[in-house]
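Each chain is listed here by its residues.
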Amino acid sequence: MNNSIHPCIWFDGNAKEAAEFYCSVFANAKITTDTPMLVNFEIWGKKFMGLNGGPMFKINPSISIFVYCKTVEQTDEIYNGLAAGGEPLMAIGKYEWSERYGWIKDKYGLTWQIMLGTEEKICPSLLFTGSTFGRAEEAMKFYTSIFDVASITNLQHYPGQTPFAGKVLFSESKLNNFDLIAMDGPGEHAFAFNEALSFVVTCDTQDEIDHYWNKLTEGGQESRCGWLKDQFGISWQIVPAILGKLMTDPEKAPRVMQAFMQMTKFDIEKLKQA
């Protein structure tokens, strides 16, 4: 079950505008799907989905996009590009953990952490705060137990002499080919995980859908149309790979949409029969 995973960002009608903006900032980026409902784009070979979901959910810094750059110049260029019309959360500069780092909220509300690394890499970063503070390591162990080819590749704790000893200072995991960063965020934060940034898992079979749905809803809650919230409050979409093909069939698409609007967990056979 080497399923692909990608982030889905919830926009209020401006997904294409945002995707075009991101593709203008990053080299080797392109829009791959453009429909009124969703826009898929790639940055450095990694897939992102922009969903025109409306005003219901607002993006916040609980999930940011982490970008490793190869040079100081590239770090500055990407930070400054994303800063256009945005708001700095931490100015680009030298910090004790990095020669070059900056945290920026772009004009669409999405936050980015840009850091000098050894290779180009882009992935989501989870910040466990408030009621989830201290659960980052538990979450990473939970996720790596669910996916087939998965491991925690880097786990750093706050040192013993700090009030946050044992909590996760920084961690990196791999879920199949999907990179994920997680940290515990001490202090008061006026934000929490919500549906504005979710993770899409594409599945070839009903068994795969059942597996991810059943595992990820443990201690969490089911929602509609393949959406769920896990026990940490993070949203996932468990989606059949065939859905895109069914939705591009002009004759079948309206019936398929009508069928899946009635579903909680997706049923592949019912979609095919619609």
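Basis of the calculations
Residue numbers restart at each chain and count upward from 1, following the sequence in its written direction. The predicted nature of this model means local features are confined to residues of pLDDT at least 70 and side-chain atom pairs, given and counted, to a pLDDT of 80 or more, with totals for whole chains, interfaces and linings taken over all residues. Note that the side-chain values use all heavy atoms of the structure and ignore hydrogens as well as water. Residues belong to one nonpolar core when they are buried, are Ala, Val, Leu, Ile, Met, Phe, Trp, Tyr or Cys, and are joined through side-chain atoms within 4.5 Å. The rule is simple: take the accessible area with a 1.4 Å probe, protein chains only, and divide by the maximum for that residue type; under 20% is buried, over 50% is exposed, in between is partly exposed. Runs of E in the DSSP output that reach at least two residues are strands. Runs of H or I that reach at least four are helices, and both are numbered from the N terminus. In this description, contact between two residues means that some pair of their heavy atoms is separated by no more than 4.5 Å. Centre distance within 6.5 Å is the pairing criterion for rings of Phe, Tyr and Trp, where only the six-membered ring of Trp is used; planes under 30 degrees apart are then read as stacked, over 60 as edge-to-face, and the remainder as tilted. The pairing criterion for strands is at least two bridges between them, as found by DSSP. Fitting a line to C-alpha atoms yields each axis, with helices limited to the stretch in contact; the angle taken between N-to-C directions then spans 0 to 180 degrees. What makes a salt bridge here is a side-chain nitrogen of Lys or Arg within 4 Å of a carboxyl oxygen of Asp or Glu, nothing more. Roughly parallel covers angles under 35 degrees, roughly antiparallel covers those over 145, roughly perpendicular covers 65 to 115, and oblique covers all other angles. Helix crossings get a hand from a simple test, with the near helix turned counterclockwise from the far one by less than a right angle marking a left-handed crossing and a clockwise turn marking a right-handed one. Our working definition of a disulfide is a cysteine sulfur pair at a distance within 2.5 Å.

A. A look at the nonpolar core. With 78 residues, the main nonpolar core has Tyr22, Phe26, Trp112, Leu126, Tyr143 and Trp236 as its most contacted residues. If one sorts the elements of this core by residue count, helix 1 (residues 15–25) sits on top with 7 residues. Ignoring sequence-local partners within four residues, the contact set of Tyr143 consists of Leu126, Leu175, Leu180, Leu216, Asp230, Phe232, Ile234 and Trp236. Of all hydrophobic cores here, the second largest spans 11 residues; its members include Tyr101, Cys123, Leu127 and Met183.

B. Broad picture of the environment of Gly54. With respect to the secondary-structure elements, Gly54 resides in the loop between strand 4 (46–52) and strand 5 (63–69). Between the alpha carbons of Gly54 and Val256 there is a distance of 22 Å; along the sequence they are 202 residues apart. In this structure, Gly54 is in contact with Trp10, Phe11 and Asp12, ignoring residues within four places of it in sequence.

C. Quick peek at the packing of aromatic side chains. Summed over the entire model, instances satisfying the criterion amount to 29 aromatic pairs. Between Phe178 and Phe199, the aromatic rings sit 5.6 Å apart at their centres with planes inclined by 65°, giving edge-to-face as the arrangement. Of this pair, Phe178 sits in strand 12 (residues 178–184) while Phe199 sits in strand 13 (residues 197–203), and the two are 21 residues apart along the sequence. Of the residues examined, Phe178 reaches a relative accessible area of 7% and is grouped as buried. In this structure Phe199 comes out as buried when scored by relative accessible area, which is 1%. For the pair Phe260 and Phe266, a centre-to-centre distance of 5.6 Å together with 70° between the ring planes defines the contact as edge-to-face.

D. Geometry of the sheet that holds strand 3 (residues 38–43). Read from one edge of the open sheet, 8 strands run 2-3-4-1-13-16-15-14, paired in mixed fashion. In this open sheet, the two edge strands, each paired with only one partner strand, are strand 2 (29–34) and strand 14 (221–222). Running at roughly 10° to strand 3, helix 1 makes contact with strand 1 (5–11), strand 2, strand 3 and strand 4 of the sheet. Packed onto the sheet, helix 4 (residues 206–216) meets strand 13, strand 14, strand 15 (227–229) and strand 16 (235–240) and runs at close to 165° relative to strand 16.

E. Highlighting the pattern of salt bridges. Within the structure shown, the criterion is met by 10 salt bridges. Of the charged contacts, one joins Lys16 and Asp34 as a salt bridge, the two residues approaching to 2.9 Å between their closest N and O atoms. Of the two residues, Lys16 is situated in helix 1 and Asp34 in strand 2; the sequence distance between them amounts to 18 residues. Exposure remark for Asp34: the relative accessible area of 43% places this residue in the partly exposed category.

F. Local environment of the pairing of strand 9 (residues 121–128). The element strand 9 is extensively covered by neighbouring structure, given that 8 of its 8 residues are classed as buried. Across 6 bridges, strand 5 lies against strand 9 in antiparallel orientation. Note on strand 9: the bridge partner recorded for Ile63 is Leu126. Of the strand pairs in this sheet, strand 9 and strand 12 are connected by 4 bridges, and their pairing is parallel.

G. Spatial organisation of the packing of helix 1 against helix 2 (residues 72–82). Packing of helix 1 against helix 2 brings their axes to within 9 Å, and their N-to-C directions diverge by 155°. With respect to each other, helix 1 and helix 2 are oriented roughly antiparallel. Like other packed secondary-structure pairs, helix 1 and helix 2 cross with a definite hand, here right-handed. Across the interface between the two elements, Phe21, Tyr22 and Val25 from helix 1 touch Ile78, Gly81 and Leu82 from helix 2.

H. Structural detail: the state of the cysteines. The final tally for this structure, using the stated rule, is 0 disulfides. No disulfide involves Cys23; its nearest neighbouring cysteine sulfur is the one of Cys8, lying 16 Å away. Judged by relative accessible area, which is 16%, Cys23 ranks as buried. With no disulfide of its own, Cys123 lies 12 Å from the sulfur of Cys69, the closest cysteine sulfur. Classification of Cys123 by relative accessible area gives buried; the value is 3%.

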